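A closer look at the structure
Take a look at the letters that make up each chain.
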Amino acid sequence: MDLLEIMTQIKANNKRRLDEWRSKAYMDHRLSELVAFAVNDPAKMPKVEEAYPFVQDDVDQTIQVSPEENDWKKDQALFMQQAQRIRQFNEDKKGGVESES
């Protein structure tokens with residue numbers, strides 16, 4: 001390769017790397033927005049298709065879950081969260097009593 005070809009290759013590599021960084025920065029920013037939704041107001045959290053429009057084709061090909069199954073899974077998740085909170089409260093309460101003795 002002569003000097004001109006090498007310089008062209010270097011510029012192309014730099015452009016590709018910059019494009020990758022931009023893409024990563026965009027995805028990091030979108031992720032931080034979704035985390036903010038999940039922490040502050042989970043009810044307003046956008047669906048995957050709304051947050052990442054480029055996955056629309058993949059979602060259309062997946063098997064859709066029935067509404068009854070969704071309700072069951074939501075109830076199960078809520079129950080598991082409540083059970084975890086109760087366990088954590090009991091552990092905290094037990095730990096506080098032991099440390100005072």
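Quick summary incoming for the structure in this document. Just so it is clear, the model here is predicted, and its values are computed rather than measured.

Looking only at helices and strands, the protein chain features four helices and zero strands. Helices (α) and strands (β) of the protein chain occur, in sequence order from the N terminus, as α-α-α-α. Residue burial in the protein chain is summarised as follows: out of 101 residues, 7% are buried.

Per the stated rule, a full pass over the model turns up six salt bridges. Between Glu 20 and Arg 16 there is a salt bridge; the shortest N-O distance is 3.8 Å. With Glu 20 and Arg 16 both in helix H1 (residues 3-40), this residue pair falls four residues apart, about one helical turn. Glu 20 sits in the partly exposed class, given a relative accessible area of 47%.

For the rest of this paragraph, the subject is a nonpolar patch on the surface. Together, Met 1, Leu 3, Ile 6, Met 7 and Ile 10 give the surface a local cluster of nonpolar side chains, amounting to about 520 Å² of exposed area. Mapped onto the elements of the fold, Met 1 is located in the segment before H1.

All right, on to the side chain of Arg 30 then. With respect to the helices and strands, Arg 30 occurs in helix H1. At 2.4 Å, the side chain of Arg 30 and the side chain of Glu 33 are in polar contact. When neighbours within four sequence positions are excluded, Arg 30 is seen to be in contact with Glu 50, Ala 51 and Tyr 52.

Residue position: Pro 46 is located in the loop between H1 and helix H2 (48-51). Each C-alpha atom of the pair Pro 46 and Leu 34 lies 7.8 Å from the other, and the pair is twelve residues apart in sequence. In contact with Pro 46, other than residues within four places in its own chain, are Leu 34, Phe 37 and Ala 51.

Conventions and cut-offs
Residues numbered from 1 in each chain as written. Predicted model: local features only at pLDDT ≥ 70, side-chain atom pairs only at ≥ 80, totals over all residues. Heavy atoms only, no water. Helix = DSSP H or I, 4+ residues; strand = E, 2+ residues; numbered from the N terminus. Buried < 20%, exposed > 50% of the residue type's maximum accessible area, 1.4 Å probe, protein only. Salt bridge = Lys/Arg side-chain N within 4 Å of Asp/Glu carboxyl O. Patch = residues over 30% accessible without salt bridge, like charges linked within 9 Å, V, L, I, M, F, W, Y side chains within 5 Å. Areas by Shrake-Rupley, 256 points an atom, 1.4 Å probe, with all protein chains shown as cover. Polar contact = N/O pair within 3.5 Å; in protein donor to acceptor, adjacent residues only side chain to side chain. Contact = heavy atoms within 4.5 Å.

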